[in-house]
Amino acid sequence: MAADSKNTQQSRGIQRILVALDASSASLSALQNAVELAAGLEAELIGLYVEDHNLLRLAQLPLAREVTAFSPALRRIQSVEIERQLRAQAADLRRVVSRICGERNVAWQFKVSRGAVAAELLAAAVEADLTVIGKLGRSFPGTRRTGSIARAIAARRPGMTLVFQSGGRLTVPVILLYDGSRHSAKAVETAGILTRIHDGKLTVLVVAESGEEARRLQLEVINRLADHKLGADFRLLVGRSITGIAQRIHMEGFGPVVIPCDAEEDGGEALCALLDEITNPVLLVR
């Protein structure tokens, strides 16, 4: 759904959306949703495909062998073949980006870089207002644990990061996790933008150590939402158990979860543990 001019003025902070691309289904889900979001925000989409230099280094090892899906026999990995496959995959992804963006009339770019995937994405994200990644990457199907690349970006990338699992959709209700931390005001504004784009409703999960603190934070959110002329449904959660928060999110539906993220002493482990527990798209706000 396209945003009206008022929504566009409020979302000027999101003008460039970077999408990390590979051949995984989670990456393609991320791309489709990022294009819809770019259309709603009138933003430019930048697709980035990173040629993993570890694959090329592996191919140069004399003992490197591979087993294909078509034959159990071991065969030597050829660096020339790896190069060819990387170029072909990049070309395929460029065509997909062109087609999907063309259908939604979204301005786009497609870039290719080579190096360590997480490092290349972090470097490219400096020029973007929002980075969109797949949760699982090329992990084995059925796994719940967030992929290594998504974990690195979620824990280290400043700014906003949107994490998708395969099949995930930006739908309603929008769910805001509010704990009163220093990025909470920005999280409220971002959740409001998503809510308006989808003409939906907002649910706020207030997380606090006590009932008294939870009620104080609820009033704080109400005042912040009044500035954006938004209402919300509230759920007050006492305690910061990852399992308890995840269970409450499951009860609220499959909409995107907006989370304010301060610098974490545990290297983002608590955040990644929550990502492991839920299947919703997650928008991290820093």
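About the thresholds
Residues numbered from 1 in each chain as written. Predicted model: local features only at pLDDT ≥ 70, side-chain atom pairs only at ≥ 80, totals over all residues. Heavy atoms only, no water. Pairing = 2+ DSSP bridges. Helix = DSSP H or I, 4+ residues; strand = E, 2+ residues; numbered from the N terminus. Axes fitted to C-alpha atoms, helices over the stretch in contact; angles between N-to-C directions. Buried < 20%, exposed > 50% of the residue type's maximum accessible area, 1.4 Å probe, protein only. Contact = heavy atoms within 4.5 Å. Disulfide = S-S within 2.5 Å. Core = buried A, V, L, I, M, F, W, Y, C linked by side-chain atoms within 4.5 Å. Salt bridge = Lys/Arg side-chain N within 4 Å of Asp/Glu carboxyl O. Polar contact = N/O pair within 3.5 Å; in protein donor to acceptor, adjacent residues only side chain to side chain. Parallel < 35°, antiparallel > 145°, perpendicular 65-115°, else oblique. Left-handed = near helix turned anticlockwise from the far one by under 90°. Nonpolar A, V, L, I, M, F, W, Y, C, P; charged D, E, K, R; others polar.

**Side note on the sheet that holds strand E7 (residues 160-164)**
To summarise the sheet geometry, strands pair through backbone hydrogen bonds and adopt either a parallel or an antiparallel arrangement. Read across the open sheet, the 10 strands follow the order E5-E2-E1-E6-E7-E12-E11-E8-E9-E10; overall the sheet is mixed. This sheet does not close on itself; its edge strands, each paired only once, are strand E5 (108-115) and strand E10 (233-238). Taking the axes of each pair of neighbouring strands and ignoring which way they run, one obtains an average angle of 20° across the sheet. In this structure, E7 lies alongside strand E12 (residues 282-285), joined through 4 bridges in antiparallel fashion.

**Details of the environment of Ala232**
By the element assignment, Ala232 lies in the loop between helix H8 (211-227) and E10. Judged by its relative accessible area of 24%, Ala232 is partly exposed. Counting along the chain gives 31 residues from Ala232 to Lys201, while the straight-line C-alpha distance between them is 6.8 Å. Those residues in contact with Ala232 that lie beyond four places of it in its chain are Leu202, Val204 and Leu225.

**What to know about the state of the cysteines**
Scanning all chains against the criterion turns up 0 disulfides. Of all cysteine sulfurs in the structure, the one in Cys272 sits closest to Cys261, which takes part in no disulfide; the separation is 9.6 Å. Judged by relative accessible area, which is 4%, Cys261 ranks as buried.

**So, the nonpolar core**
Counting 53 residues, the largest nonpolar core has Ile17, Leu37, Leu45, Leu130, Val132, Leu176 and Val258 as the members making the most contacts within it. Among the elements that line this core, the one with the most residues is helix H2 (residues 25-41), at 8 residues.

**Description of the pattern of salt bridges**
Under the definition given, this model contains 15 salt bridges. In this structure, Arg16 engages Glu44 in a salt bridge whose closest nitrogen and oxygen atoms are separated by 3.2 Å. Residue Arg16 is found in strand E1 (residues 16-21), and its partner Glu44 is found in strand E2 (residues 44-52); the two are separated by 28 residues along the sequence. For Arg16, a relative accessible area of 24% translates into the label partly exposed. Its salt-bridge partner being Arg104, residue Glu36 comes within 2.9 Å of it at the nearest N-O pair. With Glu36 in helix H2 and Arg104 in helix H4 (residues 79-104), this pair connects stretches of sequence that are 68 residues apart. Here the residues in one salt-bridge network are Arg16, Glu44 and Glu127, joined through shared partners.

**A word on the side chain of Asn280**
Structurally, Asn280 can be placed in the loop between helix H10 (269-277) and E12. Within the structure, the side chain of Asn280 is placed 2.9 Å from the backbone oxygen of Gly253, a separation counted as a polar contact. Polar side-chain contacts of Asn280 include one of 2.9 Å to the backbone oxygen of Gly255. In this structure Asn280 touches Val163, Ile175, Ile249, Gly253, Phe254, Gly255 and Val257, once residues within four positions along its chain are discounted.

**Details of the packing of helix H9 (residues 242-252) against H10**
Where H9 contacts H10, the axes come no closer than 10 Å and their chain directions differ by 40°. As the angle between them shows, H9 and H10 are arranged oblique. Note on packing geometry: the crossing formed by H9 with H10 is right-handed. Between H9 and H10, the contacting residues are Ile242, Ile245, Ala246, Ile249 and His250 on the first element and Ala270, Ala273, Leu274 and Glu277 on the second. Split into classes, the residues belonging to the contact of H9 with H10 amount to 7 nonpolar, 1 polar and 1 charged.

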